[in-house]
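Descriptive analysis of the structure
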Amino acid sequence: MLLERDDSQLLLVDYQAKLLPVLHEGALALANARRLAQLARLFKVPVWLTEENPGGLGATVADLQAVVAQAQQAAGGKTFPKMSFNAVADGLGEWLRPPAKAQQPQGGNARSLPKHLQKKPEAVPERGTLVIAGCETHVCLLQTALALLEEEFDVWVVTDACASRTERNRDAAFDRLAGAGAELVTTEMVAFEWLRTAEHPAFKDTLRIVKETLA
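Below: a short report on this structure. What you see is a predicted model, and the numbers here were worked out from it, not measured in a lab.

With that out of the way, let us pick up the overall build of the protein chain. When you go through the protein chain residue by residue, the secondary structure sums to eight helices and six strands. Beginning at the N terminus, the succession of helices and strands in the protein chain can be written as β-α-β-α-α-β-α-β-α-β-α-β-α-α. Within the protein chain, the proportion of its 215 residues that are buried is 46%. Of all intrachain contacts in the protein chain linking residues separated by at least 6 positions in sequence, the fraction that spans at least 24 positions is 81%. Summing over all exposed atoms, the protein chain offers an accessible surface of approximately 11200 Å²; the carbon and sulfur share of this is 51%.

Counted residue by residue, strand β5 (residues 154-158) has four buried out of five residues, so it is predominantly covered. Where strand β4 (residues 129-134) and β5 come together, four bridges link them in parallel fashion. For T129, the partnering residue across the bridge sits in β5 and is D154. Taken together, β4, helix α5 (residues 137-150) and β5 constitute a β-α-β crossover, and its handedness is right-handed. The pairing of β5 with strand β6 (residues 183-185) spans three bridges and is parallel. Residue pairing for β6: W156 is matched across the bridge by E183. Handedness of the crossover joining β5 and β6 through helix α6 (residues 167-180) is recorded here as right-handed.

All right, on to the environment of P81 then. Mapping P81 onto the fold places it in strand β3 (residues 79-82). Separated by 27 residues in sequence, P81 and P54 have C-alpha atoms that sit 6.9 Å apart. Setting aside chain neighbours within four positions, we find P81 in contact with E51 and P54.

We now examine α5. The terminal C-alpha atoms of α5, which comprises 14 residues, lie 18 Å apart, in line with the 20 Å expected from a rise of 1.5 Å per residue. Trailing α5 by a residue or two, E152 shows a phi angle of about 70 degrees, which is positive.

Here we come to the packing of aromatic side chains. Going through the model one piece at a time under the given rule, you end up with three aromatic pairs. Pairwise contacts between aromatic rings join W48, F80 and W95 into one cluster. It is K78 that lies over the ring of W95; its NZ or CZ is 5.7 Å from the centre.

The biggest cluster of nonpolar side chains holds 61 residues, and the ones touching the most others in it are L12, Y15, I132, L148, V155, V157 and W194. Once you skip the residues sitting within four places of it in the chain, L148 turns out to touch L11, V88, L96, L130, I132, F153 and V155.

Turning next to a negative patch on the surface. Judged by side-chain charge, E94, E150, E151 and E152 come together as a negatively charged surface patch. Among the secondary structure elements, E150 is positioned in helix α5. Using a relative accessible area of 68% as the deciding quantity, one classes E150 as exposed.

What counts, and at which threshold
- Residue indices follow the written sequence of each chain, beginning from 1 at its first position.
- Residues qualify for local features only when their pLDDT is at least 70, as the model is predicted, and side-chain atom pairs are given and counted only at 80 or more; totals for whole chains, interfaces and linings, by contrast, use all residues.
- To get the side-chain values, take all heavy atoms of the structure and skip hydrogens and water.
- Numbering goes from the N terminus for both helices and strands, where a helix is a DSSP run of H or I of at least four residues and a strand is a run of E of at least two.
- Type-normalised accessible area, obtained with a 1.4 Å probe on protein chains alone, sets the label of each residue: buried when under 20%, exposed when over 50%, and partly exposed for intermediate values.
- Note on contacts: a residue pair is in contact if any heavy atoms of the two residues lie within 4.5 Å.
- All accessibility values rest on the Shrake-Rupley procedure with a 1.4 Å probe; residue burial counts only the protein chains present in the view.
- A pair of strands counts as paired when DSSP detects no fewer than two bridges linking them.
- If you view a crossover with the strands going away from you and the path from the first strand over the helix to the second runs clockwise, you call it right-handed.
- Multiply 1.5 Å by the residue count of a helix minus one, and that product is the helix's expected span.
- Planes of paired rings set the category: under 30 degrees apart is stacked, over 60 is edge-to-face and the rest tilted, where pairs are Phe, Tyr or Trp rings (Trp by its six-membered ring) whose centres lie within 6.5 Å.
- The criterion is that NZ of a Lys, or CZ of an Arg, lies within 6 Å of the ring centre and within 35 degrees of the ring normal, and then a charge sits over that ring.
- To define a nonpolar core, start from buried Ala, Val, Leu, Ile, Met, Phe, Trp, Tyr and Cys residues and group those joined through side-chain atoms within 4.5 Å.
- Note that patches include only residues with greater than 30% relative accessible area and no salt bridge, and the join distances are 9 Å for like charges and 5 Å for nonpolar side chains (Val, Leu, Ile, Met, Phe, Trp, Tyr).
- Salt bridges are identified by distance alone: a Lys or Arg side-chain nitrogen within 4 Å of an Asp or Glu carboxyl oxygen.
- The charged-residue count follows a simple rule in which Lys and Arg add positive charge and Asp and Glu add negative charge, with His and chain termini not counted at all.
- Taken as the charge centre is NZ of Lys, CZ of Arg, CG of Asp or CD of Glu, depending on the residue.

In structure tokens form, the structure reads like this:
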């Protein structure tokens with residue numbers, strides 16, 4: 001099973017100024033989050049950004065915030081401030097899932113059926129795949145991703161764009177997420193699965209983003 005770019009949304013969790021400096025491999029996670037946002041802009045994938053207690057932990061790191069703003073302008077998405085570690089508990093799921101659409105009557109007879117036999121509108125996400133990365137992996141990202149799985153989204157966790165204060169906490173979160181049904185991937189996996197072919201018009205731009213290195 002491969003990622004489908006037309007079914008994907010990107011969710012970046014809590015890359016905040018006061019949090020990142022104390023995280024294990026935080027700089028690497030931030031660099032890869034930036035690459036993911038660039039890829040999302042390139043492939044017109046909506047980007048959602050969360051900020052945990054922004055009054056206390058500060059806003060998203062400015063460099064990432066700028067790239068995300070460009071991606072959101074191109075493909076949609078918003079920044080979601082929260083106080084709960086699980087962003088879904090504060091209402092993120094309602095942002096990610098579009099409103100219910102009324103079922104179209106089949107054969108012109110559906111409306112003539114008794115109300116208890118008519119199908120009710122269902123909230124079916126237009127983009128049901130969440131590509132997610134963030135900080136801290138074992139707290140906010142873990143709790144949000146597990147809740148998204150319960151909401152029946154397909155969840156793909158980008159491991160090299162995630163960070164925790166310790167490596168053990170980060171890796172324990174990956175184990176739990178995989179056991180719960182999340183797919184574990186890397187930034188380059190996302191890039192080339194969204195791309196699929198060297199004949200895609202975005203091939204050269206994708207390679208440029210993939211080859212970016214830390215200063």
